Amino acid sequence: MQKSNRQPAVTRDGTEIGLQANVELPIEMNMVKQAGAAGIGLLRTEFMFMNRDDFPNEEDQYEALRGMVEAMNGRPVTIRTLDIGGEKVSEGLISTLGHSISSPLGLRGIRLALARTDVLETQLRAILRAANHGPVRILFPMVTMPSEVRRARKILARAARGLKRDGFEVPSPLPPCGTMIEIPAAALAADALARVSDFFAVGSNDLTMYTLATDRADEQVAKMFDSLNPAVLKLMQITAEAAARAGVPISICGEMAGDPRNTALLLGMGFREFSMASTNIPRVKKRIR
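Residues numbered from 1 in each chain as written. Predicted model: local features only at pLDDT ≥ 70, side-chain atom pairs only at ≥ 80, totals over all residues. Heavy atoms only, no water.

Draft legend 1. Region of the structure containing the packing of aromatic side chains. In the structure shown here, the tally under the stated rule is one aromatic pair. Each ring, one from phenylalanine 49 and one from phenylalanine 55, has its centre 6.2 Å from the other, and the planes form 70 degrees; the classification is edge-to-face. In this arrangement the basic side chain of arginine 129 is found over the ring face of tyrosine 62, its NZ or CZ atom lying 4.0 Å from the centre. (Phe/Tyr/Trp six-rings, centres within 6.5 Å; stacked < 30°, edge-to-face > 60°. Lys NZ or Arg CZ within 6 Å of the ring centre and 35° of its normal.)

Shown next as structure tokens:
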């Protein structure tokens, strides 16, 4: 395994593939480095909001993010903005924001962020400050239309102006902003979303769930959860082709990305960046090589 960690993820015809790690908690950082990850392709920020009945302040978020960015020693970190919702909600936040946030189809992801712009702006200020310590990208979840991305980017610009007024250093240019493709509507609107996005990240787990209307946590229907379903693959193909036309980098994350049985298919569809559990990186790298 250690030998594999030192080898590049390059196909036999010389195509370099970026293998990055999904991270949920700071405690995982040692595993990420041991696996030889090229970066963090999906940093879930929900850990800062869990087990509490209020929202973390800017300073707390900045300190947590800075430590993870610095730990990567110059390798890129893609930070997803708050995607609390579904099963990831405390009772305190439900009482604050309403029961809609506990539904997979409710007020979550970018919908919640745009409904509570104060929460989003605080998080973006923390991310911008952390971006002074290493390369960072910002990823918006649960997007369905370009107007959501445009509004979020305006809030990012406002956060940057506010930081400058407050005497903080702000990266120039601002970090790239990407869109998660995890809803069929987003995949079908990929050409339009590419015009407002610096990169795409396909969330294969949620895209499968929403396309097939199947909750993989429900044992009665879990066997129907299949990311290789032709409908799911078609939406991924539409997205990859739209990204290629626009020259927008595209990655894939979720369990599908970490299964070496899918690697050849995903490469053939045009994916050149994969993000997965760090323990899967050596197996996928072996398949790529």
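Draft legend 2. Spotlight on the sheet that holds strand β4 (residues 136-140). Read around the closed barrel, eight strands run β1-β2-β3-β4-β5-β6-β7-β8, paired in parallel fashion. Taken pair by pair, the neighbouring strands of this sheet meet at an average axis angle of 25 degrees, ignoring direction. The strands touched by helix α10 (residues 204-212) within the sheet are β5 (177-181), β6 (199-203) and β7 (250-253), with β6 carrying the most contacts at an inclination of about 60 degrees. (Pairing = 2+ DSSP bridges. Helix = DSSP H or I, 4+ residues; strand = E, 2+ residues; numbered from the N terminus. Axes fitted to C-alpha atoms, helices over the stretch in contact; angles between N-to-C directions. Contact = heavy atoms within 4.5 Å.)

Draft legend 3. Looking closely at the pairing of strand β8 (residues 273-276). Relative to β8, strand β1 (residues 18-23) runs parallel, the two sharing four bridges. Opposite glutamine 20, over in β8, you have serine 275 as the bridge partner. Bridging between β7 and β8 involves three bridges; their strand directions are parallel. Within β8, the position partnered with isoleucine 252 by the bridge is phenylalanine 274. On the question of chirality, the crossover connecting β7 to the parallel β8 by way of helix α12 (residues 263-269) is right-handed. (Right-handed = clockwise from strand over helix to strand, strands pointing away.)

Draft legend 4. Here's a closer look at the side chain of threonine 239. One can find threonine 239 in helix α11 (residues 230-246). Of the polar contacts made by the side chain of threonine 239, one reaches the backbone oxygen of leucine 235; its length is 2.9 Å. Not counting the four nearest positions on each side in its chain, threonine 239 is found in contact with Ile181, Ala187, Ala190, Phe200, Val202 and Ile250. (Polar contact = N/O pair within 3.5 Å; in protein donor to acceptor, adjacent residues only side chain to side chain.)

Draft legend 5. The arrangement of the nonpolar core in detail. Leu19, Phe200, Met236, Ile252, Phe271 and Phe274 are the most contacted members of the largest nonpolar core, which has 82 residues in total. Setting aside anything within four residues of it in sequence, one finds phenylalanine 274 in contact with Ile17, Gly18, Leu19, Gln20, Ile252, Ala257, Thr263, Leu266 and Leu267. Formed by six residues, the second largest nonpolar core is a distinct cluster that contains Leu42, Phe199, Ala201 and Cys253. (Core = buried A, V, L, I, M, F, W, Y, C linked by side-chain atoms within 4.5 Å. Buried < 20%, exposed > 50% of the residue type's maximum accessible area, 1.4 Å probe, protein only.)

Draft legend 6. Examining the pattern of salt bridges more closely. Counted according to the given criterion, the structure contains 16 salt bridges. The residue arginine 125 makes a salt bridge to glutamate 58 at a minimum N-O spacing of 2.5 Å. Residue arginine 125 is located in helix α6 (residues 117-130), and its partner glutamate 58 is located in helix α3 (residues 58-71); the two are separated by 67 residues in the primary sequence. Across this residue pair, the class does not change: arginine 125 and glutamate 58 are buried. With a closest N to O distance of 2.9 Å, glutamate 58 and arginine 129 form a salt bridge. Taken together, the positions of glutamate 58 in helix α3 and arginine 129 in helix α6 put the pair 71 residues apart, joining distant regions of the chain. Take glutamate 58: its relative accessible area is 15%, and that puts it in the buried class. Overlapping salt bridges, with partners in common, bring together Glu58, Glu59, Arg125, Arg129 and Asp166 in one network. (Salt bridge = Lys/Arg side-chain N within 4 Å of Asp/Glu carboxyl O.)

Draft legend 7. Expanded view of the packing of α3 against α6. Between α3 and α6, the least distance of the axes is 8 Å, while the angle of their chain directions is 35 degrees. Crossing hand, α3 versus α6: right-handed. Contacts between α3 and α6 pair Glu58, Glu59, Gln61, Tyr62, Leu65, Arg66 and Val69 from the former with Thr122, Gln123, Arg125, Ala126, Ile127, Arg129 and Ala130 from the latter. Class assignment for the residues of the contact of α3 with α6 results in six nonpolar, three polar and five charged. (Left-handed = near helix turned anticlockwise from the far one by under 90°. Nonpolar A, V, L, I, M, F, W, Y, C, P; charged D, E, K, R; others polar.)

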